[in-house]
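Here's the letter readout for the chains.
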Amino acid sequence: MTLKKLFAFYLLLLCQIISAQADSINKLKEVVVSDTNLKKYSNSQSVLKLNDSVINKNEALLTDLLNFNSTIYFKEYGRGMLSTVSFRGTTASQTAVIWNGININSQMNGSTDFNTISGSDYNSISVKAGGGSVIYGSGAVGGTVHLNNDLGFYKRFENNLKVDYGSFNTIGINFKTNISNEKWSTQIGFSKNSSTNDYKYLNRYTWKGEQRWNQNGQYDIITMSANVGYKFDPKNSLKLYTQTSNTDRNTSLITETERKSKYINGFNKNLLEYDGDFGKFTTNFKTAYIFENFQYYADNSKNQYTYGKTESFITKADLGYTLFKSTQINGILDYNRTKGYGSGFGDHTREIGSAALLIKQNFSNDWKNEFGIRKEFTDNYKSPVLFSLGSSYQFSKLYNLKLNLSRNFRIPTFNDLYWEEGGNPDLKPESSYQAEIGNVFTFRNISLTQTFYYMKIKDLLQWVPGNNGIWTPQNTDKVNSYGAETLLILKKHFGKNYFSANATYAYTISKDEETKKQLFFVPFHKVNGAISYSRNKFSTYYQFLYNGFVYTQSDNDPKQIVKDYTISNLGIDYDFKFLNSFKLGFQVLNLFNENYESLENRPMPGRNFNIYINLKF
């Protein structure tokens, strides 16, 4: 790192403040939270909530938002291309994405591409570190990312329009409207993010001396959503969430001689939910239909493609009972039927049933405990008994201790089980045991959270070459992952001057138990943060991200690595106070023109710019 960047690095470690806390506190009327279990059963784990103010300061796609505001590590196949994650040293399919309480990880490959999701489509986004399979099922091993559309039942008519334009002909449009009263609540949203994505590669030239640039990198992402809630009376309400998205994206070339290809995929998500509150007895019923499909064109010039589709029907009953004033019990039954068909894995149907019991006990306002147990039933694999045990004790206003122990898992996907020429129907689920200790120190405007964790994963699924040369998935490796996560929060204001900042640090060891080697594409170190200042109509902020080097091979060859990199963004905006708000903003991305990549041979852009208008009325 240069001296300038090293200074910024240490400055943020000293500050480590969260810009999400900078908003003035407003007492809101009734809001119905879309994922109640996240709030009720996460006292013993770390949950980071990103609200509108943080979401609007970042680029549109979810990768950029979480990369600069969480400990999750991202591996991108170029700007706007496929983006996968590693959370606490786990694989891409061991982080679950939860949409309004429903797990939406792909049934085909078990993971989520974070560059197909726009953060602006949600009221809030939360990141919960640690296991959550007892509540959210498969994939909730390293942690969970929660996309929430919360409905407010109070009189309002609000509209928010954000339009931005940036380098490489990048265009973003996001519109949201909220209409509600004491009975009805409606949210309607539309977003579009597209780019020709033809940026130059810094200091890279062909053998002829010609400047290299990102070819065939165009993308276009469109999302439409509508959410409606109705309160029959104070005890009964009905909600409908629906979202449709389509991603039309070419795949960037590694070399200029490669054949141009593209990838089209879409989602349709629908959720109907009923809530009933009858004093000691509560009910929550969910019914969801999720459709996912993709088409891959190996040659853009030909109308020939491979494809895959899955249709999932989910029903879930959550019955709660307050046994004592301090003790609440929830029994959960759910059923999931998924039909998958495609050119790679044929036509198959999978049915999964599960039963879970959750117990929350508050011995006092300071001492809170939670326990959960879950068992799944299916003919496709043998499911382990999952559990979670947590406790949180507030010793004083200065110190809160959190303890959590859990067993979590990830089930084999359709690709793992049924892929033609290699699928293995005899696979076992990956399973893990995880323990963590969280220490939260709070003093005036400062809050320090320090979490230590240890995770033991067995039956890790990996595709390996067989005797006949065909790759097939096997339950092979055992992995030990341990590390520490640090978050320090501070906020301060002097008269009309408001200061805030945020930073996180993750130290991660994730080793194969047999070889004692670090898993590839898991960095030992990651740091990010932001400092912001506002006064009256003016505000500005600075973002910082440091990713340590990663190995690209399982033998940890020091010559086969992706080097560490440091990138920064700078933003400024001014509110003209037209209507409710009319902000004009400007951003400089990759401020110091860093030459970097998160995946070998996939360069990211140098310094680039973005201008935006945000109108509220």
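Worth saying up front: this structure is predicted, and the values here are computed from it rather than measured. (Residues numbered from 1 in each chain as written. Predicted model: local features only at pLDDT ≥ 70, side-chain atom pairs only at ≥ 80, totals over all residues. Heavy atoms only, no water.)

(A) View of the overall build of the protein. Counting its regular elements, the protein contains six helices and 35 strands. Relative to a compact globule of 617 residues, whose C-alpha radius of gyration would be 25 Å, the protein shows 24 Å and is just as compact. Projecting the C-alpha coordinates of the protein onto the three principal axes gives extents of approximately 75 × 65 × 45 Å. Residues classed as buried in the protein amount to 55% of the 617 residues present. Long-range contacts, defined as pairs at least 24 residues apart, comprise 63% of the intrachain contacts of the protein with a sequence gap of at least 6. Of the accessible surface of the protein, which amounts to about 27700 Å², a share of 58% is contributed by carbon and sulfur atoms. One way to put it: in the protein the 69 positive side-chain charges average out to a point 7 Å from where the 54 negative ones average out. (Helix = DSSP H or I, 4+ residues; strand = E, 2+ residues; numbered from the N terminus. Rg over C-alpha atoms; globule rule 2.2 N^0.38 Å. Buried < 20%, exposed > 50% of the residue type's maximum accessible area, 1.4 Å probe, protein only. Contact = heavy atoms within 4.5 Å. Areas by Shrake-Rupley, 256 points an atom, 1.4 Å probe, with all protein chains shown as cover. Lys, Arg positive; Asp, Glu negative; His and termini not counted. Charge placed at Lys NZ, Arg CZ, Asp CG, Glu CD.)

(B) A look at unusual backbone geometry. Here the phi dihedral of K516 falls at roughly 65°; this positive angle occurs in a residue that is not glycine. The phi torsion at F521 lies on the positive side, around 60°, for a residue other than glycine. On the secondary structure map, F521 appears in the loop between β28 (497-512) and β29 (525-535). Given a relative accessible area of 9%, F521 falls into the buried group.

(C) Structural view of the side chain of S261. Position of S261 among the secondary structure elements: in strand β17 (residues 261-278). Polar side-chain contacts of S261 include one of 2.4 Å to the side chain of T251. Beyond its immediate sequence surroundings of up to four residues, S261 is in contact with N216, N250, T251, Y296, Y297, A298 and N300. (Polar contact = N/O pair within 3.5 Å; in protein donor to acceptor, adjacent residues only side chain to side chain.)

(D) Focus on the pattern of salt bridges. The full count for this structure, using the stated rule, is 19 salt bridges. Notably, a salt bridge pairs D113 with R249, separated by 2.6 Å at the nearest N-O pair. Of this pair, D113 sits in the loop between β6 (102-103) and β7 (124-129) while R249 is found in strand β16 (residues 236-251), placing the two residues 136 residues apart along the sequence. You can call R249 buried: its relative accessible area is 5%. With its nearest N and O atoms 3.4 Å apart, the salt bridge here joins R156 to E158. Take E158: its relative accessible area is 34%, and that puts it in the partly exposed class. Salt bridges sharing common partners tie together K239, E273, D275 and K286. (Salt bridge = Lys/Arg side-chain N within 4 Å of Asp/Glu carboxyl O.)

(E) Looking closely at the packing of aromatic side chains. Counting across every chain of the model gives 29 aromatic pairs. Look at F524 and F549: their rings are 5.8 Å apart centre to centre, the planes differ by 50°, and that puts the pair in the tilted class. Of the two residues, F524 is situated in the loop between β28 and β29 and F549 in the loop between β30 (538-547) and β31 (550-551); the sequence distance between them amounts to 25 residues. F549 sits in the partly exposed class, given a relative accessible area of 30%. (Phe/Tyr/Trp six-rings, centres within 6.5 Å; stacked < 30°, edge-to-face > 60°.)

(F) How the structure looks around the sheet that holds β7. Strand order in the open sheet made by the five strands is β2-β7-β8-β5-β6, with mixed pairing throughout. The open sheet has two edge strands with one neighbour each: β2 (47-50) and β6. Sheet topology note: the strand β5 (residues 95-99)/strand β8 (residues 143-148) ladder contains five bridges and is parallel. Across the sheet, T95 pairs through a bridge with G143, a residue of β8. (Pairing = 2+ DSSP bridges.)

(G) View of the pairing of strand β4 (residues 83-86). Covered by surrounding structure in β4 are S83 and V85 together with T84 and S86, the residues of both alternating faces. Sheet topology places strand β3 (residues 73-76) next to β4; four bridges connect them, and they run antiparallel. Directly across from Y73, in β4, lies its bridge partner S86. The antiparallel pairing of β3 with β4 creates a hairpin that spans six residues between the two strands, and G78 there sits at a positive phi of about 105°.

(H) How the structure looks around the environment of L240. Relative to the helices and strands, L240 resides in strand β16. Residue L240 is classed as partly exposed on the basis of its relative accessible area, which comes to 39%. Counting along the chain gives 246 residues from L240 to T486, while the straight-line C-alpha distance between them is 38 Å. Not counting chain neighbours up to four residues away, the residues in contact with L240 comprise A226, N227, V228, L271 and L272.

(I) Seen up close, empty space enclosed by the protein. As enumerated under the stated definition, the model contains twelve cavities of 30 Å³ or more in all. Computed from the structure, the largest cavity encloses a volume of approximately 620 Å³. Lining the largest cavity are 46 residues, and of these E59, A60, D64, R79 and L589 sit closest to its centre. Mapped onto the lining of the largest cavity, the elements with two or more residues apiece are α4 (62-67), β3, β10 (156-166), β11 (170-180), β12 (184-195), β33 (565-575), β34 (581-589) and β35 (608-616). (1 Å grid on protein atoms, 1.4 Å probe; cavity = no way out; pocket = protein on both sides within 12 Å on 5 of 7 lines; lining within 4 Å. Points joined across faces, edges and corners; volume = space filled by probe spheres on them.)

(J) Spotlight on the pairing of β33. Of all eleven residues that make up β33, eight are buried, and the element is covered over most of its length. With ten bridges joining them, β30 and β33 adopt antiparallel strand pairing. Residue Y546 lies in a different strand from β33, and its bridge partner there is T566. Relative to β34, β33 is paired through seven bridges, and the arrangement is antiparallel. Each bridged residue has a counterpart across the sheet, and for D575 the counterpart in β34 is K583. Connecting β33 to the next strand, β34, in antiparallel fashion are five residues, including K577 with a positive phi near 60°.

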